[in-house]
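# Understanding the architecture of this molecule
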Amino acid sequence: MNKIRITNIPLILFLTLTAALSLSLQACAYEDDDDDEGGFSRLLPVRVDFRPADDPQYLEECGACHLAYPPGMLPAASWHRIMAGLDDHFGENAELDAQTTRHITDYLTANAADRSPIGRAPHVARSLGVDAPLRFTETRYFLRKHHEIPPRLVLDNPDVGSFSRCEACHVGAERGNYDEHQVRIPGVGRWDD
Ligand code: HEC
Ligand code: HEC
């Protein structure tokens, strides 16, 4: 009995330490203090603000007209509303067959802002409360982050045209990186405020 306990101590110590270390690294990588001027998270090789979408069917069907938006950008209730109204989707018909609709709805809701611990997702969910908007770009969270950008740099800019085109300015959008220090507005260049 005694012998077993003693030989196991180094292993237990090792496991506890690795678990604690990886937890604290994750906590730093996913931190979202609103005025992040850098901090430890920026020293890590990959910063994830919104975990990029990775479901093949979702990428194919919902990435056809625009960026396949990260599921953590909106709460589950929003995704339900969006998926229930695809026949009139912002003026377009984006309807899918029932099986694909169900699969994509399950994927989006399982990884939604109010179900995901990753990156900014929990912050977006908290800021929304019970609201279920159809657009992230109309949320207070988004408007607060983008209020310093003059609309002419977006709407009158042929290379952008809409705030919904995240990847036009956020060069790391495909990797889930929306770091304010890595923004390049087409025709304007690096954003420095
Ligand atoms: C036929 C083209 C088309 C397809 C396919 C399509 N969308 Fe869209 N989507 C649009 C348009 C157009 C807009 C409005 C963009 C704008 O205002 O610039 C939009 C906007 C959105 C927005 C709001 C973005 C914002 O402003 O925050 C979400 C969310 C969205 N789509 C989700 C989806 C999902 C989920 C699917 C797959 C089921 C999908 N879209 C498939 C055309 C499409
Ligand atoms: C016209 C260019 C442009 C578009 C389009 C755009 N953004 Fe941004 N975004 C910016 C700029 C510039 C900032 C930094 C603002 C500041 O520092 O005042 C920013 C900041 C952010 C931040 C905060 C980053 C930080 O480090 O605090 C997030 C999150 C974000 N954007 C997400 C998005 C998402 C998601 C989309 C698409 C739905 C989007 N943005 C579309 C230009 C854009």
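For the structure itself, look to the data block above.
Residues numbered from 1 in each chain as written. Chains lettered and ligands numbered in written order. Predicted model: local features only at pLDDT ≥ 70, side-chain atom pairs only at ≥ 80, totals over all residues. Heavy atoms only, no water.

## Structural notes on the overall build of the protein
Scanning the protein from N- to C-terminus turns up 7 helices and 2 strands. Residue burial in the protein is summarised as follows: out of 193 residues, 38% are buried. Taking all contacts inside the protein whose residues are at least 6 apart in sequence as the whole, residues at least 24 apart take part in 56%. (Helix = DSSP H or I, 4+ residues; strand = E, 2+ residues; numbered from the N terminus. Buried < 20%, exposed > 50% of the residue type's maximum accessible area, 1.4 Å probe, protein only. Contact = heavy atoms within 4.5 Å.)

## Remarks on the site of ligand 1
Lining the immediate environment of ligand 1, one finds 23 residues, of which Cys62, Cys65, His66, His89 and Thr137 sit closest. Interatomic distance of 2.7 Å between a side-chain N/O atom of serine 164 and an oxygen atom of ligand 1. For the shell around ligand 1, the per-class residue count stands at 15 nonpolar, 5 polar and 3 charged. (Near = heavy atom within 4 Å. Polar contact = N/O pair within 3.5 Å; in protein donor to acceptor, adjacent residues only side chain to side chain. Nonpolar A, V, L, I, M, F, W, Y, C, P; charged D, E, K, R; others polar.)

## Concerning the coordination of the iron atom of ligand 1
Bound to the iron atom of ligand 1 on the protein side are His66 (NE2) and His89 (NE2), at distances that span 2.0 Å. Relative to the metal, the 6 donor atoms surrounding the iron atom of ligand 1 lie at angles of 87 to 179 degrees, and the coordination shape comes out octahedral. Taken together, the residues histidine 66 in the loop between α2 (56-62) and α3 (76-84) and histidine 89 in the loop between α3 and α4 (98-110) connect sequence positions 23 residues apart. Residue classification places histidine 66 among the partly exposed residues on the basis of a relative accessible area of 29%. (Donors = N, O, S within 2.8 Å, 3.2 Å for Na, K, Ca; no water. Tetrahedral: all angles 85-135°; square planar, octahedral: opposite > 155°, others 65-115°.)

## Section: the site of ligand 2
Not every one of the 22 residues close to ligand 2 is listed here, only the nearest: His146, Cys166, Cys169, His170 and Glu180. Between ligand 2 and the protein, one listed contact pairs an oxygen atom with a side-chain N or O atom of arginine 120 at 3.2 Å. Within the side chain of histidine 170, one N or O atom sits 2.8 Å away from a nitrogen atom of ligand 2. Elements with a minimum of two residues in the shell around ligand 2: α6 (140-146) and α7 (166-169). Top contributing element to the shell around ligand 2 by residue count: α6, with 3 residues.

## Observations concerning unusual backbone geometry
Unlike most non-glycine residues, phenylalanine 90 shows phi in positive territory, near 50 degrees. Mapping phenylalanine 90 onto the fold places it in the loop between α3 and α4.

## Quick notes on the packing of aromatic side chains
Within this structure, the stated rule accounts for 6 aromatic pairs. Note on phenylalanine 136 and tyrosine 141: the rings are 6.2 Å apart at their centroids and 40 degrees apart in plane angle, and the pair reads as tilted. Residue classification places phenylalanine 136 among the buried residues on the basis of a relative accessible area of 10%. Ring centres 5.5 Å apart and planes at 75 degrees place the aromatic pair phenylalanine 136 and phenylalanine 142 in the edge-to-face group. Each member of the pair, phenylalanine 136 as well as phenylalanine 142, is classed as buried. Through successive ring pairs, a cluster of aromatic residues spans Phe50, Phe136, Tyr141, Phe142, Phe163 and Tyr178. In this structure, arginine 144 is placed above the aromatic ring of tyrosine 141, and the distance from its NZ or CZ to the ring centre is 5.4 Å. (Phe/Tyr/Trp six-rings, centres within 6.5 Å; stacked < 30°, edge-to-face > 60°. Lys NZ or Arg CZ within 6 Å of the ring centre and 35° of its normal.)

## Considerations on the coordination of the iron atom of ligand 2
Protein-derived coordination of the iron atom of ligand 2 comes from His146 (NE2) and His170 (NE2), at a distance range of 1.9 to 2.0 Å. Viewed at the metal, the 6 donor atoms of the iron atom of ligand 2 are separated by angles of 88 to 179 degrees, and the geometry they form is octahedral. Of the two residues, histidine 146 sits in helix α6 while histidine 170 sits in the loop between α7 and β1 (184-185), which places them 24 residues apart along the sequence. Each member of the pair histidine 146 and histidine 170 is classed as buried.

## Details of the pattern of salt bridges
When their charged atoms lie close together, side chains carrying opposite charge are able to pair. Considering all chains together, one arrives at 5 salt bridges under this definition. The partner of glutamate 167 in a salt bridge is arginine 165, with the nearest N and O atoms 3.8 Å apart. Among the residues examined, glutamate 167 registers a relative accessible area of 27% and is labelled partly exposed. Several salt bridges converge on common partners, so that one network encompasses Arg47, Asp49, Arg120 and Asp179. (Salt bridge = Lys/Arg side-chain N within 4 Å of Asp/Glu carboxyl O.)

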